[in-house]
Amino acid sequence: MVVIETANDRRPGGLRTFTANSSVLLLAPLLAEADPSPSRAVRPSGSAGDQSSGDGLCTHFRWMAEHVPAFRVPGTHIHILTSPDQFYQAMKDRIQTAKRRVVMASLYLGTGQLEQELVDCMEDALQRSQNHSRSPDLKVSILLDYTRGSRGQVNSRTMLLPLLRRFTSQMRVSLYHTPDLRGLLRLLVPQRFNETIGVQHIKVYLFDDSVIISGANLSDSYFTNRQDRYVLLENCRDVADFFSDLVEAVGDVSLQLQPDNSVSMLEGMVHPYNGNRQDFSAVARKRIMEVVNTAHVRQQLLSRSGDSEDGGMSEGEGEEEEDTWVFPLVQMKPVGIKVDEQVTQRLLRDAGPDSTVFLTSGYFNLTQAYMRLVLGAGASYRILTASPEVNGFFGAKGVAGAIPAAYVHIARQFYSQVCRLGQQERVHLHEYHRAQWTFHAKGLWYYLQGQDRPCLTLIGSPNFGYRSVHRDLEAQIAIVTENEELQSQLQEEQEMLYQRSTEVSTSTFERPDRYVKLWVKLVTPLIKNFF
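From a predicted model like this one, the values you see are computed outputs, not experimental measurements.

Analysis parameters
Residues numbered from 1 in each chain as written. Predicted model: local features only at pLDDT ≥ 70, side-chain atom pairs only at ≥ 80, totals over all residues. Heavy atoms only, no water. Helix = DSSP H or I, 4+ residues; strand = E, 2+ residues; numbered from the N terminus. Contact = heavy atoms within 4.5 Å. Areas by Shrake-Rupley, 256 points an atom, 1.4 Å probe, with all protein chains shown as cover. Salt bridge = Lys/Arg side-chain N within 4 Å of Asp/Glu carboxyl O. Buried < 20%, exposed > 50% of the residue type's maximum accessible area, 1.4 Å probe, protein only. Axes fitted to C-alpha atoms, helices over the stretch in contact; angles between N-to-C directions. Parallel < 35°, antiparallel > 145°, perpendicular 65-115°, else oblique. Nonpolar A, V, L, I, M, F, W, Y, C, P; charged D, E, K, R; others polar. UniProt positions renumbered as here; feature names shortened; annotations may be inferred. Pairing = 2+ DSSP bridges. Phe/Tyr/Trp six-rings, centres within 6.5 Å; stacked < 30°, edge-to-face > 60°. 1 Å grid on protein atoms, 1.4 Å probe; cavity = no way out; pocket = protein on both sides within 12 Å on 5 of 7 lines; lining within 4 Å. Points joined across faces, edges and corners; volume = space filled by probe spheres on them. Patch = residues over 30% accessible without salt bridge, like charges linked within 9 Å, V, L, I, M, F, W, Y side chains within 5 Å. Core = buried A, V, L, I, M, F, W, Y, C linked by side-chain atoms within 4.5 Å. pLDDT = per-residue confidence, 0-100.

A.B. asks: Please provide a residue-by-residue account of the overall build of the chain, values included.
C.D. replies: When its secondary structure is counted, the chain shows 16 helices and 23 strands. Long-range contacts, defined here as pairs at least 24 residues apart, represent 79% of the contacts in the chain between residues at least 6 apart. Of the accessible surface of the chain, which amounts to about 21,600 Å², a share of 50% is contributed by carbon and sulfur atoms.

A.B. asks: Give a description of the pattern of salt bridges that names residues and reports values.
C.D. replies: Considering all chains together, one arrives at 22 salt bridges under this definition. Among the salt bridges present, the one from arginine 287 reaches glutamate 290, with a minimum N-O distance of 3.7 Å. Taken together, the residues span about one helical turn, with arginine 287 and glutamate 290 both in helix H10 (residues 277-310) at a distance of 3 residues. Residue classification places glutamate 290 among the partly exposed residues on the basis of a relative accessible area of 42%. A single salt-bridge network, built from bridges that share partners, covers Arg100, Arg101, Asp209, Arg237 and Asp241.

A.B. asks: Can you lay out the packing of helix H4 (residues 113-131) against helix H6 (residues 156-166) for me, pointing to particular residues and giving the numbers?
C.D. replies: Close contact between H4 and H6 brings their axes to 10 Å; oriented N to C, the two are set at 10°. In terms of their interaxial angle, H4 and H6 are classed as roughly parallel. Together, Glu115, Gln116, Val119, Met122, Glu123 and Gln127 of H4 and Met159, Leu160, Leu163 and Arg166 of H6 make up the contact between the two elements. For the contact of H4 with H6, a count of residues per class yields 5 nonpolar, 2 polar and 3 charged.

A.B. asks: Tell me about the UniProt feature "domain: PLD phosphodiesterase" (unreviewed entry) in the chain, residues and numbers included.
C.D. replies: Residues annotated by UniProt as "domain: PLD phosphodiesterase" (unreviewed entry) correspond here to residues 196-222. The span residues 196-222 is 11% helical and 33% strand by assignment, and the distance between its end C-alpha atoms comes to 21 Å.

A.B. asks: I'd like to hear about the sheet that holds strand E9 (residues 210-214), residue by residue, with values.
C.D. replies: The strand order across the open sheet built from 9 strands is E4-E11-E9-E8-E5-E6-E7-E12-E13, with neighbouring strands paired in mixed fashion. Pairing within the sheet leaves two strands with one partner each, and these edge strands are strand E4 (78-81) and strand E13 (263-264). Sheet analysis places strand E6 (residues 139-145) next to strand E7 (residues 171-176), joined by 6 bridges and oriented parallel. Note that in E7 the partner of valine 140 across the bridge is methionine 171.

A.B. asks: Describe the packing of aromatic side chains, and please don't skip the residues or the numbers.
C.D. replies: To describe a pair of aromatic rings, you give the distance between the ring centres and the angle between the ring planes. With the rule as written, the count across this model stands at 16 aromatic pairs. Relative to tyrosine 498, the ring of phenylalanine 358 has its centre 4.9 Å away and its plane inclined at 80°; by these criteria the two rings are edge-to-face. With phenylalanine 358 in strand E16 (residues 356-361) and tyrosine 498 in helix H15 (residues 484-498), this pair connects stretches of sequence that are 140 residues apart. When the centroid spacing of 6.1 Å and the interplanar angle of 80° are considered together, the rings of tryptophan 445 and tyrosine 498 count as edge-to-face. Taken together, the residues tryptophan 445 in strand E20 (residues 442-447) and tyrosine 498 in helix H15 connect sequence positions 53 residues apart. The exposure class assigned to tyrosine 498 is buried, which follows from its relative accessible area of 9%. Taken together, the aromatic side chains of Phe87, Tyr88, Tyr205, Phe223 and Tyr230 make up a single cluster linked through ring pairs.

A.B. asks: An account of empty space enclosed by the protein is needed here, citing residue identities and associated values.
C.D. replies: For the structure on display, the rule yields 3 cavities of 30 Å³ or more. Considered as a void within the structure, the largest cavity measures approximately 80 Å³ in volume. Secondary-structure elements contributing two or more residues to the lining of the largest cavity are strand E17 (380-386) and helix H13 (403-420). Here the element with the most residues in the lining of the largest cavity is H13; it accounts for 4 residues. Grouping the amino acids of the lining of the largest cavity by side-chain chemistry returns 7 nonpolar, 2 polar and 1 charged.

A.B. asks: Please give an account of unusual backbone geometry that cites residues and values.
C.D. replies: We note that asparagine 235 has phi near 55°; this positive angle belongs to a residue other than glycine. When you line up the elements, asparagine 235 lands in the loop between strand E11 (230-233) and helix H9 (237-252). A relative accessible area of 55% places asparagine 235 in the exposed class. A positive phi angle, close to 75°, is found at asparagine 261, a residue other than glycine. Among the structural elements, asparagine 261 can be located in the loop between strand E12 (255-257) and E13. Judged by its relative accessible area of 28%, asparagine 261 is partly exposed.

A.B. asks: Quick one: what's the story with the layout of surface pockets, residue by residue and with numbers?
C.D. replies: Where empty space is left becomes clear once a probe the size of a water molecule has been rolled over the atoms. When its volume is computed, the largest pocket comes out at roughly 1,100 Å³. Taken together, 41 residues make up the lining of the largest pocket; nearest its centre are Arg148, Glu195, Tyr363, Phe393 and Ile403. Secondary-structure elements contributing two or more residues to the lining of the largest pocket are helix H8 (220-224), H13, helix H14 (466-471) and helix H16 (518-527). When residues of the lining of the largest pocket are assigned to their parent elements, the largest contribution, 5 residues, is made by H16. Tallied by class, residues from the lining of the largest pocket come to 22 nonpolar, 11 polar and 8 charged.

A.B. asks: Got a sec to walk through the environment of tyrosine 370? Specific residues and values, please.
C.D. replies: Tracing the chain through its elements places tyrosine 370 in helix H12 (residues 368-376). Residue tyrosine 370 is classed as buried on the basis of its relative accessible area, which comes to 3%. Sequence separation between tyrosine 370 and arginine 349 is 21 residues, and the spatial gap between their C-alpha atoms is 9.0 Å. Setting aside anything within four residues of it in sequence, one finds tyrosine 370 in contact with Asp340, Glu341, Thr344, Gln345, Leu348, Phe464 and Val469.

A.B. asks: Describe a nonpolar patch on the surface, naming the residues involved and giving the relevant values.
C.D. replies: Together, Leu184, Leu187 and Leu188 make up a nonpolar patch on the protein surface, roughly 380 Å² of accessible area in all. Judged by its relative accessible area of 71%, leucine 187 falls in the exposed class.

A.B. asks: Provide a residue-level description of the nonpolar core, including the pertinent values.
C.D. replies: Core analysis: the largest hydrophobic core is formed by 112 residues, its most contacted members being Leu233, Phe243, Met332, Tyr381, Phe414 and Leu444. Per-element accounting of this core gives the leading share, 9 residues, to H13. Non-local contacts of tyrosine 381, meaning those with residues more than four positions away in its chain, are made with Leu348, Ala351, Val357, Val374, Arg426, Val427 and His428. With 46 residues, the next largest nonpolar core counts Met104, Leu144, Leu232 and Met265 among its residues.

A.B. asks: Requested: an account of the confidence of the model for the chain, with residues and values cited.
C.D. replies: Residues at a pLDDT of 70 or more form 86% of the chain, whose mean pLDDT is 87. In the predicted structure, residues 1-57 sits below a pLDDT of 50 and forms 113 contacts with residues beyond four places in sequence or in another chain.

A.B. asks: Explain the environment of glycine 75 to me, and be specific about the residues and the numbers.
C.D. replies: As for its placement among the helices and strands, glycine 75 is situated in the loop between strand E3 (71-73) and E4. Relative accessible area serves as the criterion here: at 2%, glycine 75 is assigned to the buried category. Setting aside anything within four residues of it in sequence, one finds glycine 75 in contact with Glu321, Asp323, Thr324, Asn483 and Leu486.

See below:
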């Protein structure tokens, strides 16, 4: 009998006991060093590490489990939230009932009344935990971007300082600083624009064993009239443990906020902009991939153990059917991690003529690699992006006010290429419209031939653009499900977004409100990789 404990097992009863494949388990430390890369050859079905043919995982996407952690959960535990208010209320409700942990990763925390109410919820929960125990169980960990979270006199840091001072032993605030903003560049780039170099962009909101994965930040517009996507995984402990460990790992290589509003690095960590660039990346990559690889190996071992004992990973007696798979995808190119990029490229590459893909991004600016795959694949695509008036930069002052026009220019270039290749029947571009709202949704829904509901979705922080792939820290999940109710939820979500859109045609770009000034056209190729 072999007993192993992983980073995901730091809890009572966390030790896993295996009676089969013990020789394989002994290799876990070596296997954990592997760097999963979907570019490698995929093993044929039935090989070691492949899921059993009867496990319900759609054969079209089984290859993902070879390269990233694969968490099997009941589809009934996954709920698609559809509005900013639902998102906000779900966070408040779960903070108030959290017993062990609240973990939140975002670009920034806003400074308005709604954000203060969220902080007050955390304060109440921490106080309750303190009142009920000499050694309070509840821990709160917040991960934000350093540049965005430090902007202005009143900012994310000042919002959280009262909690940090009052609950020092229970509270952690980590501020990630990109290693690419350093030296003279850091001194010269104005505060308003320094985040263009790279940011912490992951959006994870975790409460005990439940987690919300989204593209939404912790700011009032995201709670009221900025449309995004949000998925709640309720009582999914292994998934929650993974994202808790991931946020902790990124936090470990980030600057730590102190009660006096200063920042410092943990002992033994390389400073992101004062230290050596390569050393920082190496340390960060090792720490973060440790989480990914440990979870990956652990899930493979659990699968192999289940295969040998009962012919597959069957549900426990009396448990709900585990008909859904969750694959976490991480992209952190500044430190050499490109898992999400590789998986997304393979997903787009494999999308054949029998498939339909609905893809959305609030900032439509596909990388050249993604664009080639969309234009070169056989699948039908319906791409949804923001119309200029719902772009988050619409009406902004100064140069930022021209960003919506730059996106119009990028969309027009893409549409022209679609027309030039004669692919208008296969690739359709849509614009989202909604008065007094902005649009920030991103992700995709994947339909196999003959299906009227998606069996796969990507949801999280990436926008499919250069920034998401090369500059920022990103995370999303691929959900593959055979649960009909969950598929219906995903279909309703997709319809809700696309029903507020109009399809783009040549005449769209001839309208006066789509006019793009010459200087914007000239500048866009030079700056498109920064927004």
